[in-house]
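# Inside the fold
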Amino acid sequence: MQFKRSDFPDGFLFGTATSSYQIEGHRFGGAGETHWDTFARTPGNVVKAENGDRACDHYHRYEEDLDLVAAVGFDCYRFSTSWARVLPEGRGTPNAEGLDFYDRLTDAMLERGLKPCATLYHWELPSPLADLGGWRNRDIAGWFGEFAQVIMGRIGDRMYSVAPINEPWCVGWLSHFMGHHAPGLRDIRATARAMHHVLLAHGTAIQALRGLGLGNLGAVFNFEWPTPVDGSEVAQAAAQRYDGYYNRFFLGGVFKGAYPDSVMEGLGPHMPAGWQDDFATITAPVDWCGLNYYTRKIIAPNNEPWPSLDEVDGPLPKTEMGWEIYPEGLYRFLKRTAEEYTGDLPLIVTENGMAAPDRIEGGRIEDTDRIDYLNAHVAMVQKALAEGVPVHGYFIWSLLDNYEWALGYDKRFGLVHVDFDSLQRTPKASYEALKLALTR
Ligand code: IFM
């Protein structure tokens, strides 16, 4: 790598991230059904109709996986807890096996000197709650608050940090407007409600976690830098609308107690009654802000109903996801978030990484493209730090190749290759390079 630990301020944290449904193996350990299980079973939703039944079998192999995290010299492991593993019905009686699993996982992190960084929800909604309307139902805030209490009542005493929800844009927009993720809706009223309720649930969980006496609580957002297709005013306005519903809606809600006008133009008529009264909960203070960053989007106006825009192909080199590689976007988001929303609050890059066409040859995976990607993005973190932006950590997505949601197992984001037949783990060249950069 072109960086090493000593290039960063004392206490700067390096870590890697995963999520429960993507790696654990959901059919193990008494977990309840989730909306991803049924979404994947519905033809046309997921490449090869693949699901998280077995995934990387992390449920049984977590010790080996945590050994891999520790051996790099990472400080932190960012993992998530499956709501349906802990509460198979979404509410009510906990699954003892599920709670025991997260208890063992936590202790296994601590035994290896890793700081446990939990995310409570990374998208696997229990089916019984989906049946009640899921994120469209305002009651989800209370259900989620109860889940937060149950899981963190058990392992919260050993967490380094906790964030309620991973990437609220994906929970709201990607899943209810674009229909790409479970529950696969394409409906603006559903979207308006899900976008608001996900933030209400975030704030409710923050309050519940504070009630348990937990600290170091954060929020984790995914951002894409909007670039107008040309210099026209209409293209700039379209890019601003994209920025509004992708990025600023969530930052505005949590840190300013307001949603952007450019978003309310479209979602306003479909918002749930009394939404303006929820900001006292949504703005519950957090201790840090997490940014997940991968790419930018080129935005062109169109003549369709709001938001009246298309994402168009861009000229930059792309990852296996077809995402343009645009490291400057990470710098720009770090700067802008601090300047316009969070001030001195610690910022953490909670996800960054790429899917690459990794191949095992002679027992090795030479993922030099991933090494280049990570170098280029870490350089942007350093640039932001040099300008005084309070960046406190950088986490790579992901430890393992895993279930990339609607794209199944074909898109490989891992520092460690997983053979999905044998489940054998093989560290890639990027893993080895990070080890050299981060080992103390
Ligand atoms: O795999 C996902 C993850 O679940 C959330 N952030 C983006 C990753 C890559 O698409």
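This text follows the structure it describes.
Residues numbered from 1 in each chain as written. Predicted model: local features only at pLDDT ≥ 70, side-chain atom pairs only at ≥ 80, totals over all residues. Heavy atoms only, no water.

### Observations regarding the packing of aromatic side chains
For any two aromatic rings, the description comes down to two numbers: the centre-to-centre distance and the angle of the planes. Tallied over the entire structure, the rule returns 46 aromatic pairs. In this structure an aromatic cluster arises from ring pairing among Y21, W36, F39, W123, Y403, W405, Y409 and F420. One residue, R85, lies across the ring of F101, its end atom 5.6 Å from the ring centre. (Phe/Tyr/Trp six-rings, centres within 6.5 Å; stacked < 30°, edge-to-face > 60°. Lys NZ or Arg CZ within 6 Å of the ring centre and 35° of its normal.)

### Here we look at the layout of surface pockets
Empty pockets left among the atoms are what a rolling probe the size of a water molecule brings to light. The calculated volume of the largest pocket comes to roughly 750 Å³. If you trace the largest pocket, you find 37 residues lining it, with E224, Y246, K297, M321 and W323 closest to the centre. Going through the elements one at a time, α8 (168-176), β5 (218-228), α10 (233-256), β6 (288-301) and β7 (309-312) are the ones with two or more residues in the lining of the largest pocket. Per-element tally for the lining of the largest pocket: the top contributor is β6, with five residues. Counted by class, the lining of the largest pocket contains 18 nonpolar, nine polar and 10 charged residues. (1 Å grid on protein atoms, 1.4 Å probe; cavity = no way out; pocket = protein on both sides within 12 Å on 5 of 7 lines; lining within 4 Å. Points joined across faces, edges and corners; volume = space filled by probe spheres on them. Helix = DSSP H or I, 4+ residues; strand = E, 2+ residues; numbered from the N terminus. Nonpolar A, V, L, I, M, F, W, Y, C, P; charged D, E, K, R; others polar.)

### Overview of the nonpolar core
Within the largest apolar cluster, 140 residues are counted, with the highest numbers of intra-cluster contacts made by W83, W135, M152 and L334. Ranked by residues supplied to this core, first place goes to helix α9 (residues 188-211) with 10 residues. Beyond its immediate chain neighbours, meaning those up to four positions away, M152 contacts A118, L120, D157, M159, V162, L209, L212 and L214. Within the second largest apolar cluster, eight residues are counted, among which are C76, C117, V220 and I348. (Core = buried A, V, L, I, M, F, W, Y, C linked by side-chain atoms within 4.5 Å. Buried < 20%, exposed > 50% of the residue type's maximum accessible area, 1.4 Å probe, protein only. Contact = heavy atoms within 4.5 Å.)

### Here's the deal with the site of the ligand
Taken together, Q22, H122, W123, N166, E167, Y294, W323, E351, W397, E404, W405 and F413 make up the full set of residues adjacent to the ligand. A distance of 2.7 Å separates a nitrogen atom of the ligand from a polar side-chain atom of E167. Take E404: an N or O atom from its side chain is 2.6 Å from an oxygen atom of the ligand. Protein contacts shield 95% of the accessible area of the ligand, which totals 280 Å² for the unbound molecule. Of the pockets mapped on this structure, the ligand occupies the largest pocket. Looking at the shell around the ligand, its residues break down into six nonpolar, three polar and three charged. (Near = heavy atom within 4 Å. Polar contact = N/O pair within 3.5 Å; in protein donor to acceptor, adjacent residues only side chain to side chain. Areas by Shrake-Rupley, 256 points an atom, 1.4 Å probe, with all protein chains shown as cover. Sits in = over half its atoms within 2 Å of the grid points.)

Geometry only, nothing functional implied.
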